Amino acid sequence: MTSSLVVPVIDVQNDNFKELWPAMLLAIKTSSFVALDMELSGLGNRKSLLAESIEDRYKAICHAARSRSVLSLGFACYKKQDNKTADTYLVQVYNLTLLCSEEYIIEPQSVHFLVQHGFDFNKQYSHGIPYCKGNNKGGSDSQGVHIRALFTELLRARKPLVLHNGLIDLAFLYQCFYAHLPERLVTFTADLSEMFPAGIYDTKYVTEFELRFTASYLEYAYKKCKLDNSRSVASEGSGPHFHVEFCQYADHMSSYVDYRQCPAVETLCPGGQTDICQRFSAFGWCPNGSKCPLSHDTDLIILQDEKCKEEKKSKKKRKRGKKRGGGDAAKDSSIVEGAPENKVAHLEVNAEETPDQQPGGTEEPCTESGAERGDHLPATAGDQGSDVKSQKNEDDIKTEREENGVCEDSRVSKHSAKTDTEKTKLETATHRAGFDAFMTGYIFAYSHAFIKKDDVGAATEKELKEEEQLLLPTCLNKIYLSGKSVPLQVVKSTFSKSSKAHVQKMEMVWGREHSVHAGKQGTK
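Residues numbered from 1 in each chain as written. Predicted model: local features only at pLDDT ≥ 70, side-chain atom pairs only at ≥ 80, totals over all residues. Heavy atoms only, no water.

Q: Could you give me a rundown of helix 6 (residues 147-157), with the residues and numbers involved?
A: Summarising burial for helix 6: 10 of the 11 residues are buried, a large majority. For helix 6, the full list of buried residues reads Ile-147, Arg-148, Ala-149, Leu-150, Phe-151, Thr-152, Glu-153, Leu-154, Leu-155 and Ala-157. (Buried < 20%, exposed > 50% of the residue type's maximum accessible area, 1.4 Å probe, protein only. Helix = DSSP H or I, 4+ residues; strand = E, 2+ residues; numbered from the N terminus.)

Now the structure itself:
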């Protein structure tokens, strides 16, 4: 039913950066939207990143962006093909290996994770593209061939920017390739609204609040979209769908291209019953990693979720039938028989409960002892509910920053026929910022097709054309916030001012006319 997909990712290093510069600029300028992802050297104090106050959270992110660095930058340019009957995108994917020229902190746990997933630090230090952080230091961000100039070209292109759980990425982008981060969040969002006038979209917000998937970590969301899209295509377009095409690269480019194969779901599913790790199923992250005896196979998790959803519908039908027939209704439960007991439909999870606290949700192999909780938040006397919420949110942080981006499954069920050698190969060659960017863009393109199909007939042709230009109007400039029921709005309010560094940058990027307008409200 579903088809496999082979994604070409162009590997960009210091020795081929100038050669590939024209192609990258053309891909950005002609795209319909640009999806982006990064690998970072660390995030700092995880508890601070989940502070109750968004302003405090922003300060912690600023500290991380100023003291850590971007190790690799991936971007995927999606260009909608106008001459196609169905939504079709020509996709170009780039993975840039970077090297910060200044001192920065690199955290052991980040090194461990990246090495496990094939990141080559030797290549980074010998062939990484150099860059400096903060405000411009001597050179020109608008001229030359370097990373900061590439980011300037991205701003000049005025394309929609798509990220997944993007607040941290936006802060690192700003600090590393644009200017020193402003001290206040309201100034930061005001600057962003002018930097990206075509809008910023967060696919984690999209999957949580628009698509309403059972889980929203990147790998799950991508594979679920890919499965649903393939089913719609196979049914001859009865449901929302789109198509992707890739460039055919010439012989001299072939040595730069890394082909990432994404097998169809059915080809990966082992037969028989498989025990799924409940923690990984809910969050895409497990404290035991590859040592966990339970399955971390996302394809199996998705199929299991779909099965449980159907069982839940049948159960509700039977319950309604009993009520109509005068019989006693079965006791209500949000947990589906046969489902991982911590997985429930969207918005049915109590925000104050972790997966382990939900009914029957304890799975011994994935339960941490107190001594093993290093990264998890300690309990606070008299505030256990708050700690529980932080624990759930930290799983969310770990999911998106440490466990996304798996093309072929890096965890294979003990029931799978894959050999240990094959498993090791998958574990060490499946994590790239470039492919993560492709997955992010794929989710966005599918969401656009899905929401557009729902809107057909509910709006006039003029309204549809206007919404087409905005891509996803209901998700425009809304950034997902872990543990919050509302997103961060990227807007410039009447009470906010642009930063002085940003106003100066706008003069360089778009000319004096724009900078004079922004400068009227500029501040340090």
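Q: Talk me through unusual backbone geometry; I want residue IDs and the actual numbers.
A: Phi is positive for Arg-158, close to 55 degrees, though the residue is something other than glycine. Looking at the element boundaries, Arg-158 is found in the loop between helix 6 and strand 6 (161-163). The phi dihedral of Arg-212 falls on the positive side, at around 55 degrees, and the residue is not glycine. Positionally, Arg-212 belongs in the loop between helix 9 (203-209) and helix 10 (218-234).

Q: Describe a positive patch on the surface, with residues and values.
A: Taken together, the side chains of Lys-309, Lys-313, Lys-316, Lys-317, Arg-320 and Arg-324 make up a positively charged region of the molecular surface. Relative to the helices and strands, Lys-317 resides in helix 13 (residues 298-325). (Patch = residues over 30% accessible without salt bridge, like charges linked within 9 Å, V, L, I, M, F, W, Y side chains within 5 Å. Areas by Shrake-Rupley, 256 points an atom, 1.4 Å probe, with all protein chains shown as cover. Salt bridge = Lys/Arg side-chain N within 4 Å of Asp/Glu carboxyl O. Lys, Arg positive; Asp, Glu negative; His and termini not counted. Charge placed at Lys NZ, Arg CZ, Asp CG, Glu CD.)

Q: Explain the nonpolar core to me, and be specific about the residues and the numbers.
A: Ranked by size, the top nonpolar core spans 76 residues in total, and within it Leu-96, Phe-172, Phe-177 and Phe-188 carry the most contacts. In terms of residues, this core owes the most to one element, helix 7 (residues 167-177), which gives 9 residues. Counting residues in each nonpolar core, the second largest holds 50 residues, with Tyr-201, Tyr-220, Ile-276 and Ala-445 among its members. (Core = buried A, V, L, I, M, F, W, Y, C linked by side-chain atoms within 4.5 Å.)

Q: Let's hear about the side chain of Ser-498: which residues, and what values?
A: Looking at the secondary structure, you find Ser-498 in the loop between strand 11 (488-489) and helix 18 (500-510). On the accessibility criterion, Ser-498 (0% relative accessible area) is buried. A polar contact is formed between the side chain of Ser-498 and the side chain of Glu-194, at a distance of 3.2 Å. Within the structure, the side chain of Ser-498 is placed 2.8 Å from the side chain of Lys-492, a separation counted as a polar contact. (Polar contact = N/O pair within 3.5 Å; in protein donor to acceptor, adjacent residues only side chain to side chain.)

Q: Summarise the pattern of salt bridges; cite the residues concerned and give the values.
A: Once the charged atoms of two side chains with opposite charge are near each other, the side chains can pair. Within this structure, the stated rule accounts for 16 salt bridges. Close ionic contact of Glu-153 with Arg-156 constitutes a salt bridge, the shortest N to O distance being 3.2 Å. A residue pair is termed a helical-turn pair when its members lie 3 or 4 positions apart in one helix, as Glu-153 and Arg-156 do in helix 6 at 3 residues. Residue classification places Glu-153 among the buried residues on the basis of a relative accessible area of 14%. For Arg-156, a relative accessible area of 29% gives the class partly exposed. By sharing partners, the salt bridges in this structure join Lys-224, Asp-228, Arg-231 and Glu-306 into a single network.

Q: Explain the packing of helix 6 against helix 7 residue by residue, including any values.
A: It is at 10 Å that the axes of helix 6 and helix 7 come closest, and there the two elements cross at 125 degrees. With respect to their mutual orientation, helix 6 and helix 7 come out oblique. Between helix 6 and helix 7, the residues in contact are Ile-147, Arg-148 and Phe-151 and Leu-173, Cys-176 and Phe-177, respectively. In terms of residue class, the contact of helix 6 with helix 7 is made up of 5 nonpolar, no polar and 1 charged. (Axes fitted to C-alpha atoms, helices over the stretch in contact; angles between N-to-C directions. Parallel < 35°, antiparallel > 145°, perpendicular 65-115°, else oblique. Contact = heavy atoms within 4.5 Å. Nonpolar A, V, L, I, M, F, W, Y, C, P; charged D, E, K, R; others polar.)

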